[in-house]
Amino acid sequence: MREQIINRFNSGDLARAYDLCQAGLLDRPDDFWLKHRAVLCLIRSGALERAFAAYHEYRLAEIRHDEDCLAVGARLLKALALEAHGRDFACQAVESARKYADVHARTGGHYPAINAASMFMLAGEPAQAENFAREVLYGSFVSTPATPEEAYYRHASQAEAYLLLGDLPAARSTLKEAFRQDPDNHLAHATTLRQLRLLVSVLGLDADWLQALEPPRPAHFAGHIFGLGEGERQLAISSETRLRDLVDMTLARHNVGAVYGALAAGSDIIIAESALARGCELNLVLPVPVSVFVDASVRPFGDAWRARFDACLERAEKITELTSDRRILSPETINYASLVAMGMSRMRAQVLATRPLQILIAEEADPEDPHAGCGTLHDGAVWSDCGLDQVRLAYPGQRQAMAAKTQDSGLEPGFRPAMRAMLFLDIAGSSAVPDDRVPHFVRSVLKSLAACCDDLAEPPLHADSWGDGMFLAFTTVEQAARAAESLRLAFAGIDMRAEDLPTSLGLRIAGHFGPVHEGEDPLQKRPSLFGGQVAVAARIEAATVPGSIFVSEAFAAALTMSSSDFRSEYVGQIRIDAHMPEHRLYALRALPVKAAARLRRARSARPAKPV
């Protein structure tokens, strides 16, 4: 069973890994490995309050002979501290530091020592912090790093210790050596950079030196569509060559890494080709299946573009088809795909502790332009409104109207397309409620959730329920995210023991964002939502860890572009249904205002201004 749990955990299937831990504990209630792994599942899925309760329920703090169990309590308190503020932050930071110190006393490892030092410094206890920093630098660590990653963390811990002691030159040189030990481990680098930025903000030190160590920047790209040659909607070969040179210089100057966008004829393909030539990772986000996209946005502009499209498609790291719509592209689906692509690049930048870039091939936007509400000009406005870095390369041709348009004749009478943010909820373990307590369960639990919905500042446009489940739909992802957090807190506030209900009950909340069809339900004779995107939202709920909010990549990406009050942490690529492709899922958490600001400061040293 352990191997199954580890495989599920490593693949990101936290819900099934957690369920396997719970099943194992029924037979082996004293197995501390299962308890430890269950708490890790909860931490990784963002269910911190539930993880904290399980940590104490399992009495992991009493297991003194296992380093993992010793460290998980300190790690949990650190996660809680970084999302707290004011007095709560200081108290949890000190408690985390003391637990790390205890682990170090028992194991002698540099990892718990440097974490103790940093948490003491963040908690406002510099003397303790400096003591542990010196232990990292001058203590005896008998083991020699066996891998580049181990060597990296040894040097990174020393760099952090130098920083805590105020020796900035030593911190710089040691951190550079750490990066040299494991140069391609960008995720590890990002973890270190985030930690150091928090510390320099507390210590009042210069942070500009960290910018040079940031990994390659993710970028979103977009541009006008065109053919090659003379005439309307065409661009001369010489103009394309000059444009390609500008794109190459932009990618090099700004140290661009992964790129995200579509692959229409013209600007998109030129940028994608240049990125691939530099060894950048190409991630394609298409509003419709590849074949439909080709017919609408590639084939009409010449056979040469189709061959270049296929070559880029073959080398793409990831291809995301957001819908199964077989109609010609519409402005709404084009904007939807662009929003998701922009959000993906921004989330990637957050993971890598850097700032994303947008590369556009377009003229300056004119708010009065009738085309400003869709396509490249719309993408540029959305990005600029977020205060993110943008490079606009002048389009050398004459602007033409978009070729793609909605095929209105394909719409069924009585139905209309709409973009909706959807939530599915159910209560895991409700089948364990004794029959005689079901009416009480409905009144004390389901009615409390319904009352929470009634009290929302922005109520759902559509609401439905069945058994212990609920379906809610909203206009924006931010409305849905706030509703999900309110419902999570409302459920957490119910004292199941006092209500004589099973304490194992847990609320699962799943979110998705995408196009749906609004029409009349033939059975209930009232408006309802239909379509494949509704099914995706429903299936994600079954893969959600109780106590958590799991959302699709489209939901998380769109939310990243509209709100900084939430954090979406990658869970994994999971098959949510036997008849659906795997989906990348994220755990959603609301952040206190001050915690959100602190995490934003930790993401990048780059100036927040146009380049």
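Just so you know, these numbers come straight off a predicted model, no measurement behind them. (Residues numbered from 1 in each chain as written. Predicted model: local features only at pLDDT ≥ 70, side-chain atom pairs only at ≥ 80, totals over all residues. Heavy atoms only, no water.)

1. Observations regarding helix H11 (residues 186-203)
Turning to step 1, where the next piece is worked out: Compared with an ideal rise of 1.5 Å per residue, which puts 18 residues at 26 Å, H11 spans 25 Å between its outermost C-alpha atoms and is within 8% of the ideal.
Turning to step 2, where the next piece is worked out: Listed as buried for H11 are Ala 188, His 189, Ala 190, Thr 192, Leu 193, Gln 195, Leu 196, Arg 197, Leu 198, Leu 199 and Val 200.
Turning to step 3, where the next piece is worked out: Note on H11: the residue one or two positions beyond its end, Gly 204, has a positive phi of about 70 degrees. (Helix = DSSP H or I, 4+ residues; strand = E, 2+ residues; numbered from the N terminus. Expected span 1.5 Å × (residues − 1). Buried < 20%, exposed > 50% of the residue type's maximum accessible area, 1.4 Å probe, protein only.)

2. Some details on the packing of helix H13 (residues 267-277) against helix H15 (residues 303-315)
Turning to step 1, where the next piece is worked out: Running from N to C, H13 and H15 point in directions that differ by 45 degrees, and their axes come no closer than 10 Å. The pairing of H13 with H15 is recorded here as oblique in orientation. The way H13 lies across H15 gives a crossing that is left-handed. Only Trp 305, Arg 308, Phe 309, Cys 312 and Arg 315 of H15 make contact with H13, whose side of the interface consists of Ile 269, Ile 270, Ala 272, Glu 273 and Leu 276.
Turning to step 2, where the next piece is worked out: Along the lines of polarity and charge, the residues of the contact of H13 with H15 split into seven nonpolar, no polar and three charged. (Axes fitted to C-alpha atoms, helices over the stretch in contact; angles between N-to-C directions. Parallel < 35°, antiparallel > 145°, perpendicular 65-115°, else oblique. Left-handed = near helix turned anticlockwise from the far one by under 90°. Contact = heavy atoms within 4.5 Å. Nonpolar A, V, L, I, M, F, W, Y, C, P; charged D, E, K, R; others polar.)

3. Notes on the packing of helix H19 (residues 477-492) against helix H21 (residues 553-560)
Turning to step 1, where the next piece is worked out: As a packed pair, H19 and H21 sit with axes 9 Å apart at the nearest point and diverge in direction by 105 degrees. For the element pair H19 / H21, the angle class is roughly perpendicular. Counting all contacts with H19, which are made through Val 477, Glu 478, Ala 480 and Ala 481, the residues of H21 involved are Phe 555, Ala 558 and Leu 559.

4. Here we look at the pattern of salt bridges
Turning to step 1, where the next piece is worked out: According to the stated counting rule, one finds 28 salt bridges in the structure shown.
Turning to step 2, where the next piece is worked out: Across the pair Glu 214 and Arg 197 runs a salt bridge, and its minimum N-O distance is 2.8 Å. Of this pair, Glu 214 sits in the loop between H11 and strand E1 (217-223) while Arg 197 sits in helix H11; the two residues are 17 residues apart in sequence, bridging distant segments of the chain. We note that Glu 214, like Arg 197, is buried. (Salt bridge = Lys/Arg side-chain N within 4 Å of Asp/Glu carboxyl O.)

5. Overview of helix H5 (residues 67-82)
Turning to step 1, where the next piece is worked out: Here H5 is 16 residues long and its end C-alpha atoms lie 23 Å apart, about the 22 Å a rise of 1.5 Å per residue gives.
Turning to step 2, where the next piece is worked out: In terms of burial, H5 is largely enclosed, as twelve of its 16 residues are buried.
Turning to step 3, where the next piece is worked out: Cys 69, Leu 70, Ala 71, Val 72, Gly 73, Ala 74, Leu 76, Leu 77, Lys 78, Leu 80, Ala 81 and Leu 82 are the residues of H5 that are buried.

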